[in-house]
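This is what each chain is made of:
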Amino acid sequence: MSKRTKTVAARPEDERLPIGPTIGYGIQHVLTMYGGIIAPPLIIGQIAGLSQGEIGVLIAACLFMGGLATILQTVGIPFFGSQLPLVQGVSFAGVATMGAIVTSGGGLPAVFGSVIAASVIGLLIAPVFATVIRFFPPVVTGTVIATIGLTLLPVAAGWIIGSGEDAAEGASADNLLLAGITLVIVLVLSKVPVGAVSRLAILLSIVLGTIVAVILGKADFSTVGEGPIFAFPQVFGFGLPTFELAAIISMFIVILVTLTETTADILAVGEIVGTKVDSKRIAAGLRADMLSSAVSPIFGTFTQSAFAQNVGLVAITGVKSRFVVTAGGGVLVILGLLPVLGRVVGAIPSPVLGGAGLVLFGSVAASGIRTLAKVDYRGNMNLVIVATSIAVGMLPIAVPTIYEQMPAWFVTIFHSGISSAAVTAILLNLLFNHLGARPGKDASVLAAAPTRTIPVAYLEAFEDGDSIVDGRIVDRDGNDVALDRPEH
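Residues numbered from 1 in each chain as written. Predicted model: local features only at pLDDT ≥ 70, side-chain atom pairs only at ≥ 80, totals over all residues. Heavy atoms only, no water.

> An account of the confidence of the model for the chain is requested, with residue identities and associated values reported.
Confidence in the prediction of the chain, expressed as mean pLDDT, is 82, and 87% of residues score 70 or more. Between the elements of the chain, mean pLDDT differs from a low of 49, seen in helix H1 (residues 3-10), to a high of 93, seen in helix H10 (residues 279-295). In the model, residues 1-9 has pLDDT below 50 throughout and makes 6 contacts with residues more than four positions away in sequence or in other chains. (pLDDT = per-residue confidence, 0-100. Helix = DSSP H or I, 4+ residues; strand = E, 2+ residues; numbered from the N terminus. Contact = heavy atoms within 4.5 Å.)

If you want it as structure tokens, here you go:
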């Protein structure tokens with residue numbers, strides 16, 4: 001048995017692929033999350049009143065640090081890194097909070113200071129936070145995974161509509177056509193009976209979709225040559241961090257949300273890969289998150305978190321190797337050092353990403369549904385847990401302004417559909433399945449009833465040693481027991 005075969009047999013995520021496919025799949029991961037990783041610095045930079053050049057520096061720093069964080073998470077060192085195929089990047093969960101810190105007068109230095117302080121606290125509590133693994137049975141993990149996929153679908157819709165467009169007016173016919181063509185390409189390539197092609201269906205569809213966009217006049221690469229080719233992220237390029245108590249407290253709430261979302265992503269990718277995920281592994285993943293987040297402000301960027309959309313890519317391609325994602329992290333580092341390459345990727349039309357995103361994000365939801373299929377719904381409140389948690393998670397997705405009147409700390413936690421569904425599922429699971437007596441079979445009209453019943457008289461006819469084998473009743477000696485049918 002070869003060394004490679006032994007490695008694959010030990011853990012699916014330890015599989016090593018040839019260098020070509022490894023880099024190709026890594027680029028596919030980068031393209032999948034590129035729009036998400038550049039959105040936070042774009043938004044925060046605009047709120048802070050930065051110039052286009054300064055916003056470009058923020059974006060480059062986010063790519064650079066996201067790459068380093070991804071490498072740490074996937075390769076791992078003692079106590080840091082889950083060694084799972086998870087892509088890291090700037091967490092969107094803190095955008096609103098960081099924007100509030102900027103506009104309150106603290107500016108970017110106060111944001112960076114709050115991120116450093118809150119991340120250090122998160123690093124200290126990561127082992128304790130990871131012990132909640134026993135409160136994440138399939139009824140919780142399946143609910144969270146399904147919610148992750150459902151909450152990401154609006155991202156794909158936003159890509160199809162296009163940046164800077166009014167969502168209320170809907171997507172243009174050209175954008176819908178481009179997204180539809182990309183979607184069809186994904187589906188067709190996924191059916192090609194060649195593993196290398198079907199597994200690279202997302203990447204190839206984005207490339208082919210971009211070519212179609214160029215033909216249709218929907219892609220503009222004219223500005224790719226503008227700006228520097230090489231640039232290293234500046235150390236404290238936006239000033240030394242300042243530490244304000246109110247900002248730190250607000251950011252710590254964001255860190256708790258980030259810890260919750262990363263825990264959910266670690267469990268989700270572990271379920272998809274088919275590998276063991278225990279509290280030690282979760283703690284190592286959370287430590288990597290927090291260490292990366294604490295270091296990020298030094299290079300001018302923000303909190304790091306696992307990217308849920310890339311969990312969907314693992315599910316749809318079946319490529320479970322963590323080293324593929326490590327290669328993606330290397331690509332991110334290069335993009336951070338070579339802004340010209342970042343501008344090339346940034347010129348990919350968003351409807352192309354949206355068409356591919358429909359399959360990606362839908363596959364995450366499907367993975368959650370598959371996990372929920374393993375849940376026992378008989379004589380318990382699991383159906384209520386799933387129904388309520390998904391509904392709560394969908395509220396801020398269906399109506400983003402629903403919590404506008406609530407306190408800032410509440411909005412920070414529940415404005416994210418992922419964290420609100422996770423918190424609800426954990427609390428309801430604790431209430432119904434751990435605390436106090438279990439509900440009786442008639443405890444709720446929503447508790448799923450048994451699918452069928454068997455008369456007790458049938459069971460009384462069994463003798464000691466009888467059993468059912470392949471649909472036949474046999475006695476203790478293995479002899480078939482004849483059935484006395486009513487007509488006899």
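> Lay out the pattern of salt bridges in plain terms, naming residues and giving numbers.
Side-chain pairing between opposite charges can occur once the charged atoms of the two side chains come close. Applying the stated rule across the entire model yields 6 salt bridges. Note that Glu271 is salt-bridged to Lys374, the shortest N-O span being 2.7 Å. In this pair, Glu271 sits in helix H9 (residues 245-273) while Lys374 sits in the loop between helix H14 (350-372) and helix H15 (382-398), placing the two residues 103 residues apart along the sequence. Under the relative-accessibility criterion, Lys374 is labelled exposed at 55%. Taken together, the salt bridges that share partners define one network made up of Arg11, Glu13, Asp14, Arg281 and Arg322. (Salt bridge = Lys/Arg side-chain N within 4 Å of Asp/Glu carboxyl O. Buried < 20%, exposed > 50% of the residue type's maximum accessible area, 1.4 Å probe, protein only.)

> Now, about helix H11 (residues 308-317): what can you tell me, with residues and values included?
Counting buried positions along H11 gives 8 out of 10 residues, so the element sits mostly inside the fold. Every buried residue of H11 is listed here: Ala308, Gln309, Asn310, Val311, Gly312, Leu313, Val314 and Thr317.

> Before we move on, could you go through the side chain of Ser82 and cite the residues and values that matter?
Along the chain, Ser82 turns up in the loop between helix H3 (52-75) and strand S1 (88-90). With sequence-adjacent residues up to four places away left out, Ser82 is seen in contact with Gln73, Arg281, Ala284 and Gly285.

> Lay out helix H12 (residues 322-337) in plain terms, naming residues and giving numbers.
Taking 1.5 Å of rise per residue, the 16 residues of H12 would be expected to cover 22 Å, and the 23 Å separating its terminal C-alpha atoms lies within 8% of that figure. Where H12 begins, one side-chain oxygen reaches toward the backbone nitrogen of Phe323, 3.2 Å away; that side chain belongs to Ser321. (Expected span 1.5 Å × (residues − 1). Polar contact = N/O pair within 3.5 Å; in protein donor to acceptor, adjacent residues only side chain to side chain.)

> Would you mind going over the nonpolar core in detail, with residue names and values included?
Counting 97 residues, the largest nonpolar core has Ile148, Ile206 and Phe302 as the members making the most contacts within it. A per-element tally of this core places H9 first, with 12 residues. Residues in contact with Phe302, not counting those within four places in the same chain, are Pro41, Ile44, Leu58, Cys62, Val90, Met98, Leu108, Val111, Phe112, Val115 and Ser296. The next biggest cluster of nonpolar side chains, apart from the first, holds 5 residues, and it includes Phe64, Met65, Val333 and Leu337. (Core = buried A, V, L, I, M, F, W, Y, C linked by side-chain atoms within 4.5 Å.)

> Provide a residue-level description of the environment of Glu271, including the pertinent values.
Overall, Glu271 belongs to the partly exposed group, its relative accessible area being 32%. Put simply, Glu271 and Gly368 are 97 residues apart on the chain and 9.3 Å apart in space, counted from C-alpha to C-alpha. Those residues in contact with Glu271, other than ones at most four positions away along the chain, are Ile145, Thr371 and Lys374.

> Please give an account of a nonpolar patch on the surface that cites residues and values.
Among the surface-exposed residues, Leu204, Val207, Leu208, Ile211 and Ile215 lie close enough to one another that they form a single nonpolar patch of about 430 Å² accessible area. Examined against the element boundaries, Ile211 turns out to sit in helix H8 (residues 201-215). (Patch = residues over 30% accessible without salt bridge, like charges linked within 9 Å, V, L, I, M, F, W, Y side chains within 5 Å. Areas by Shrake-Rupley, 256 points an atom, 1.4 Å probe, with all protein chains shown as cover.)

> Let's hear about the packing of H9 against H10: which residues, and what values?
Close contact between H9 and H10 brings their axes to 10 Å; oriented N to C, the two are set at 135°. In terms of orientation, H9 lies oblique with respect to H10. Handedness of the H9/H10 crossing: right-handed. For the pair H9 and H10, contact is made by Ile255, Thr258, Leu259, Thr262, Thr263, Ile266 and Leu267 and by Ile282, Gly285, Leu286, Asp289 and Met290, respectively. For the contact of H9 with H10, the per-class residue count stands at 7 nonpolar, 4 polar and 1 charged. (Axes fitted to C-alpha atoms, helices over the stretch in contact; angles between N-to-C directions. Parallel < 35°, antiparallel > 145°, perpendicular 65-115°, else oblique. Left-handed = near helix turned anticlockwise from the far one by under 90°. Nonpolar A, V, L, I, M, F, W, Y, C, P; charged D, E, K, R; others polar.)

> Break down unusual backbone geometry for me, with residues and values.
Located in the positive-phi region is Phe79, a residue other than glycine, with phi close to 80°. As for its placement among the helices and strands, Phe79 is situated in the loop between H3 and S1. The exposed category is assigned to Phe79, whose relative accessible area is 62%. Although it is not a glycine, Phe236 sits at a positive phi angle of roughly 50°.

> Quick rundown of the packing of aromatic side chains? Include the residues and the values.
In total, this model carries 7 aromatic pairs according to the counting rule given. Measuring from ring centre to ring centre gives 5.5 Å for Phe64 and Phe232, while their planes differ by 65°; the resulting arrangement is edge-to-face. Residue Phe64 is located in helix H3, and its partner Phe232 is located in the loop between H8 and H9; the two are separated by 168 residues in the primary sequence. Centroid distance Tyr403 to Phe410: 5.2 Å. Interplanar angle 75°. Geometry classified as edge-to-face. Phe410 gets classed as buried once you look at its relative accessible area, which sits at 17%. Ring-pair connections join several aromatic residues into one group, and the members of that group are Phe64, Phe232 and Phe299. (Phe/Tyr/Trp six-rings, centres within 6.5 Å; stacked < 30°, edge-to-face > 60°.)

> Break down the packing of helix H5 (residues 138-161) against helix H17 (residues 417-433) for me, citing the residues and quoting the values.
For the pair H5 and H17, interaxial distance at closest approach is 9 Å and the crossing angle is 165°. In terms of their interaxial angle, H5 and H17 are classed as roughly antiparallel. In this structure, the crossing between H5 and H17 has a hand that is right-handed. Taken together, the residues of H17 that come into contact with H5 (itself represented by Val139, Val140, Thr143, Val144, Thr147, Ile148 and Thr151) are Gly417, Ile418, Ala421, Ala422, Ala425, Ile426 and Asn429. In terms of residue class, the contact of H5 with H17 is made up of 9 nonpolar, 5 polar and no charged.

> Explain the environment of Lys276 to me, and be specific about the residues and the numbers.
Tracing the backbone shows Lys276 in the loop between H9 and H10. For Lys276, a relative accessible area of 64% puts it in the exposed group. The spatial distance from the C-alpha of Lys276 to the C-alpha of Arg11 is 8.6 Å, given a sequence separation of 265 residues.

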